[in-house]
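# Structural features, examined
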Amino acid sequence: DQPMNPSPSAEATVERSVRGLRVLDSSGFRTLLAGGFVTLGLVANILFITAMLAVDMPFLSDFEAYYDASFRLMQGQPLYFDEQLQGPVDAWCLGCYLYPPPFAHALVPLALLPMTLAKALWFGLTTAAAIASTWLATGIGGAARSPQRLLWSIAATLLFFPAFLANSAGNVSSLV
């Protein structure tokens, strides 16, 4: 008697026989596909930022409050506005710095730069942090370290609109 060779499950056989799905077996194709999604994400982000700037929507407005507070700190002025120091304030107020002092101290190097450059660096930093967290999460999920994993992490971050909204507002959530 010959031992039986294990045969692939019926589901796996059907999946591999469906035209178009077999191409996903190719690592090169999956890398190319990930690169295409990264390109799509970059184009979508650039178009959205361009549209925001064209209609004067606030871009990195949260960061402006951090920047201004760090600048005030360098000049020996208080981080918080008088109305913030007099009693309870709303959870949100235009231009108010709402974080602990160490955060303002950490941002002093950015406050030494022109606002436009500081904003670009902050946007890059928060986007990189979001990509790094996606990379970390995929590793925890069991994905092997590879260029393909990096591309999919970048694509997922660029195409996940809530991450883009947080980063374009200049929020700290991607760093947290």
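What you see is a predicted model, and the numbers here were worked out from it, not measured in a lab. (Residues numbered from 1 in each chain as written. Predicted model: local features only at pLDDT ≥ 70, side-chain atom pairs only at ≥ 80, totals over all residues. Heavy atoms only, no water.)

### A few points about the overall build of the protein
- A tally of helices and strands in the protein yields 9 helices and 0 strands.
- Residues classed as buried in the protein amount to 27% of the 176 residues present.
- Sequence-distant contacts, at least 24 apart, represent 66% of the contacts inside the protein between residues at least 6 apart.
- Taken as a whole, the protein presents about 11400 Å² of accessible surface, with 68% of it coming from carbon and sulfur. (Helix = DSSP H or I, 4+ residues; strand = E, 2+ residues; numbered from the N terminus. Buried < 20%, exposed > 50% of the residue type's maximum accessible area, 1.4 Å probe, protein only. Contact = heavy atoms within 4.5 Å. Areas by Shrake-Rupley, 256 points an atom, 1.4 Å probe, with all protein chains shown as cover.)

### Considering helix α9 (residues 161-169)
- Looking only at α9, the buried set comprises Ala 163, Phe 164, Ala 166, Asn 167 and Ser 168.
- Buried residues along α9 sit against α2 (27-54), α7 (115-140) and α8 (147-159).
- Once α9 finishes, Gly 170 follows within two positions and takes phi at roughly 85°, a positive value.

### Description of the environment of Cys 96
- Relative to the helices and strands, Cys 96 resides in the loop between α4 (82-85) and α5 (101-106).
- When the C-alpha atoms of Cys 96 and Gln 84 are compared, they prove to be 8.2 Å apart, with 12 residues separating the residues in sequence.
- In contact with Cys 96, other than residues within four places in its own chain, are Ala 65, Phe 81 and Gln 84.

### Description of the pattern of salt bridges
- Considering all chains together, one arrives at 1 salt bridge under this definition.
- Lys 119 is paired through a salt bridge with Glu 64; the nearest N and O atoms lie 2.5 Å apart. In this pair, Lys 119 is assigned in helix α7 and Glu 64 in helix α3 (residues 61-74), connecting sequence segments 55 residues apart.
- Overall, Lys 119 belongs to the buried group, its relative accessible area being 15%. (Salt bridge = Lys/Arg side-chain N within 4 Å of Asp/Glu carboxyl O.)

### Some words on the nonpolar core
- One finds Phe 63, Tyr 66, Tyr 97, Phe 103 and Trp 122 to be the most contacted residues of the largest nonpolar core, which totals 19 residues.
- At the level of secondary structure, the elements contributing two or more residues to this core comprise α2, α3, α5 and α7.
- Sorting elements by how many residues they give to this core places α3 first, with 4 residues.
- With residues near it in sequence (within four places) discarded, Trp 122 still touches Leu 60, Phe 63, Tyr 66, Phe 103, Leu 107, Leu 110, Gly 170, Asn 171, Val 172 and Leu 175.
- If you look at the next biggest cluster of nonpolar residues, it comprises 5 residues, including Val 38, Ile 131, Ile 154 and Ala 155. (Core = buried A, V, L, I, M, F, W, Y, C linked by side-chain atoms within 4.5 Å.)

### Overview of the packing of aromatic side chains
- One pass over the structure, following the stated rule, counts 16 aromatic pairs.
- Ring centres of Phe 48 and Phe 164 lie 5.1 Å apart, and the angle between their planes is 85°; on these two criteria the pair is classed as edge-to-face. Of this pair, Phe 48 sits in helix α2 while Phe 164 sits in helix α9, and the two are 116 residues apart along the sequence.
- Consider the rings of Phe 63 and Tyr 66, whose centres lie 6.4 Å apart with planes at 90°: the pair is edge-to-face. Taken as a pair, Phe 63 and Tyr 66 lie in helix α3 at a separation of 3 residues, close to a single helical turn. (Phe/Tyr/Trp six-rings, centres within 6.5 Å; stacked < 30°, edge-to-face > 60°.)

So, to be careful, I would describe these as geometric facts and stop short of saying anything about function.
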